[in-house]
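# Summary of the model geometry
Residues per chain, in single letters:
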Amino acid sequence: MTSAPSVQASSTPAVSTARLLSARRWMTAGLIVSILGTRLVEGGSDGLVALGVLPLLWVSVLTTFGELVSFASPLIARLTARFSPARVLVASDLAEALLSGVALVALLTVPGGTLPVLIVYLLLAAVFPAVTDVVEEFYGQQLAQVDVKQALTFNASVYSALAFVGIVIAMPLGNLLAGVSITVLIAGNLVLSALGTLLRLVSSRTVVTAPAIDQDLEDFGVLGERMTVRAFLRDLWATGAASPLFSFLLQVGGTIGGVFVYLAIAQKAPVDPSVALASVIAMFGIGATIGPWVGRALSSRGDIRRLVWLVLVATVAFLLVVAGLLSVVDAAALWWTGLAYALVLGILSRTRAVLTTTLRQQDYRGTRFARIMSWSFAATALGAVAGSWLALGLKPTQHPSLALLVQAGFIVLALVLLAVRVPTDSAPENAPAR
């Protein structure tokens with residue numbers, strides 16, 4: 001029986017483009033189904049708060065817990081880098097399906113235990129997105145080492161699916177199912193996680209992906225072993241768009257100019273505020289669905305690093321224009337301006353995201369890639385928390401123009417980081433394979 005070919009960046013890949021394409025498509029299909037289940041539960045959680053089943057405090061508790069798990073991305077990377085990314089994704093979906101199965105049994109057999117079972121289930125389910133975010137990038141990085149175009153397409157599929165399937169479809173559906181039955185909500189995630197497991201299993205058997213640490217050429221130590229402060233600061237400061245500090249700055253700005261500005265727009269809308277907010281978020285979701293494919297199309301027209309620079313400059317210019325408009329237009333025009341803002345911001349932010357993700361996967365390998373990528377996820381989580389607290393002082397719902405100016409300022413700081421980037425070939429870990 002012939003075994004599946006292996007994708008290893010440290011050697012010449014013995015895998016055809018057609019087989020790699022097939023594996024990527026199966027993995028993307030598994031991703032979409034898995035996202036449906038995850039976002040279904042997240043939407044259901046919000047719906048249960050709206051129905052009064054869970055207190056309003058639960059929103060903050062679950063969000064904080066999720067960000068803390070994301071902040072542990074370096075630890076997640078350390079634990080998962082020893083294994084095949086595709087197989088870890090299979091195991092993650094299988095574990096989520098098993099968790100849903102246990103929760104269903106508990107709901108049906110423990111009288112009066114609905115609330116504690118639900119709380120424990122939602123907290124444990126929040127762990128899986130953080131794990132899959134890290135491992136999906138390990139998988140994309142292996143594609144990038146073989147074929148950057150394949151990685152770009154995979155990353156575009158990931159970001160686009162996260163936006164459309166997650167925000168536009170699954171979360172609203174979860175809201176509805178929460179009002180029907182908690183059992184139906186969890187059963188839906190069970191079925192989707194099980195299907196995702198099967199689809200990812202097909203992908204993992206089509207092309208075998210090697211553990212990330214197998215890519216190290218000179219350093220065969222385990223991921224996460226002690227490193228010098230100088231090496232850490234180099235990765236933090238001088239790795240350009242891959243830098244964790246770059247991710248932190250963009251997330252702080254994005255949080256300030258995101259949902260808080262959406263709330264300001266919704267408050268001035270000519271329709272019910274809840275409907276208005278849902279409409280603005282949906283517009284962002286549509287833009288975020290389009291953006292990754294814009295990034296994929298732009299990649300054929302120039303160097304990815306230069307494209308990241310241009311997209312950020314365009315974002316700054318756009319924010320300045322919108323900030324000016326929001327300060328002078330009347331309420332009716334502000335509503336339409338806000339919808340356009342959410343749509344275009346979704347396109348620009350996700351165009352930049354897919355380009356920077358692919359750039360990171362292309363430029364770095366082995367333990368250094370895992371270190372930079374995982375700390376970037378941790379920095380993003382920290383940026384979300386910092387941006388939320390900073391926004392409280394800026395009062396963005398009252399002064400949305402100020403919020404957009406502050407967001408533009410953080411993007412300018414991120415552009416400074418791009419200017420001080422150290423070439424990757426200066427680091428032994430990134431030397432080309434022989």
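Residues numbered from 1 in each chain as written. Predicted model: local features only at pLDDT ≥ 70, side-chain atom pairs only at ≥ 80, totals over all residues. Heavy atoms only, no water.

## Some remarks on helix 6 (residues 127-146)
- In a regular helix each residue adds 1.5 Å, so 20 residues correspond to 28 Å; helix 6 covers 30 Å between its end C-alpha atoms and thus fits that length.
- The buried fraction of helix 6 amounts to 16 of the 20 residues, a majority that puts the element mostly inside the structure. (Helix = DSSP H or I, 4+ residues; strand = E, 2+ residues; numbered from the N terminus. Expected span 1.5 Å × (residues − 1). Buried < 20%, exposed > 50% of the residue type's maximum accessible area, 1.4 Å probe, protein only.)

## Section: the nonpolar core
- Membership of the largest hydrophobic core comes to 51 residues, with the highest contact counts inside it found for F246, V308, L312, Y341 and L404.
- Of all elements in the fold, only helix 7 (148-180), helix 10 (244-256), helix 11 (259-267), helix 12 (273-298), helix 13 (304-326), helix 14 (331-363), helix 15 (366-394) and helix 16 (400-419) reach the threshold of two or more residues within this core.
- When residues no more than four places from it in sequence are discounted, the contact partners of L312 are F246, L250, R352, I411, L415 and L418.
- By size, the runner-up hydrophobic cluster in this structure holds 32 residues, among which are V88, A161, V165 and V207. (Core = buried A, V, L, I, M, F, W, Y, C linked by side-chain atoms within 4.5 Å. Contact = heavy atoms within 4.5 Å.)

## Brief notes about the packing of helix 2 (residues 57-71) against helix 15
- Running from N to C, helix 2 and helix 15 cross one another at 150°; their axes reach a closest spacing of 7 Å. Regarding the angle of helix 2 to helix 15, the classification is roughly antiparallel. The handedness of the crossing between helix 2 and helix 15 is left-handed. On helix 15, the residues that touch E67, S70 and F71 of helix 2 are F377, A378, A381, L382, A384 and V385. (Axes fitted to C-alpha atoms, helices over the stretch in contact; angles between N-to-C directions. Parallel < 35°, antiparallel > 145°, perpendicular 65-115°, else oblique. Left-handed = near helix turned anticlockwise from the far one by under 90°.)

## Considering the confidence of the model for the protein chain
- Residues with a pLDDT of 70 or more make up 86% of the protein chain, whose mean pLDDT is 81.
- In this model, residues 9-13 is a region of pLDDT below 50 whose contacts with residues beyond four sequence positions or in other chains number 10 contacts.
- Across residues 423-434, where pLDDT falls below 50, the model places 23 contacts with residues more than four positions away in sequence or in other chains. (pLDDT = per-residue confidence, 0-100.)

## Examining the environment of I169
- Relative to the assigned elements, I169 resides in helix 7.
- Take I169: its relative accessible area is 36%, and that puts it in the partly exposed class.
- Note: C-alpha distance between I169 and L36 (133 residues apart in sequence) is 8.0 Å.
- Among residues more than four places away in sequence, those in contact with I169 are L36 and F164.

## Re the environment of A103
- Structurally, A103 is set in helix 4 (residues 85-109).
- With relative accessibility at 6%, the residue A103 sits in the buried group.
- Spatially, the C-alpha atom of A103 lies 7.7 Å from that of I186, the residues being 83 residues apart in sequence.
- Non-local contacts of A103, meaning those with residues more than four positions away in its chain, are made with V117, Y121 and I186.

## Here's the deal with the pattern of salt bridges
- If you walk through the whole model with that rule in mind, you get 3 salt bridges.
- Here E42 makes a salt bridge to R39, at a shortest N to O gap of 3.1 Å. Placement of the pair is E42 and R39 together in helix 1 (residues 17-50), with a separation of 3 residues, close to one helical turn.
- Judged by relative accessible area, R39 falls into the buried class, the value being 19%.
- What you see here is one network of salt bridges that share partners, running through D93, E136 and R200. (Salt bridge = Lys/Arg side-chain N within 4 Å of Asp/Glu carboxyl O.)

## As for the packing of aromatic side chains
- Throughout the structure, instances matching the rule amount to 4 aromatic pairs.
- Between Y262 and F284 the ring centres are 6.1 Å apart and the planes differ by 50°, which places this aromatic pair in the tilted class. Separated by 22 residues along the polypeptide, Y262 in helix 11 and F284 in helix 12 bring together distant segments of the chain. Here Y262 and F284 have matching classes, each one buried.
- Seen from their ring centres, W335 and W336 are 6.5 Å apart, and the 55° between their planes marks the pair as tilted.
- An aromatic cluster is present here, built from Y262, F284, F318 and Y341 joined pairwise through their rings.
- Taking the ring centre of F377 as reference, the NZ or CZ of R360 above it sits at 6.0 Å. (Phe/Tyr/Trp six-rings, centres within 6.5 Å; stacked < 30°, edge-to-face > 60°. Lys NZ or Arg CZ within 6 Å of the ring centre and 35° of its normal.)

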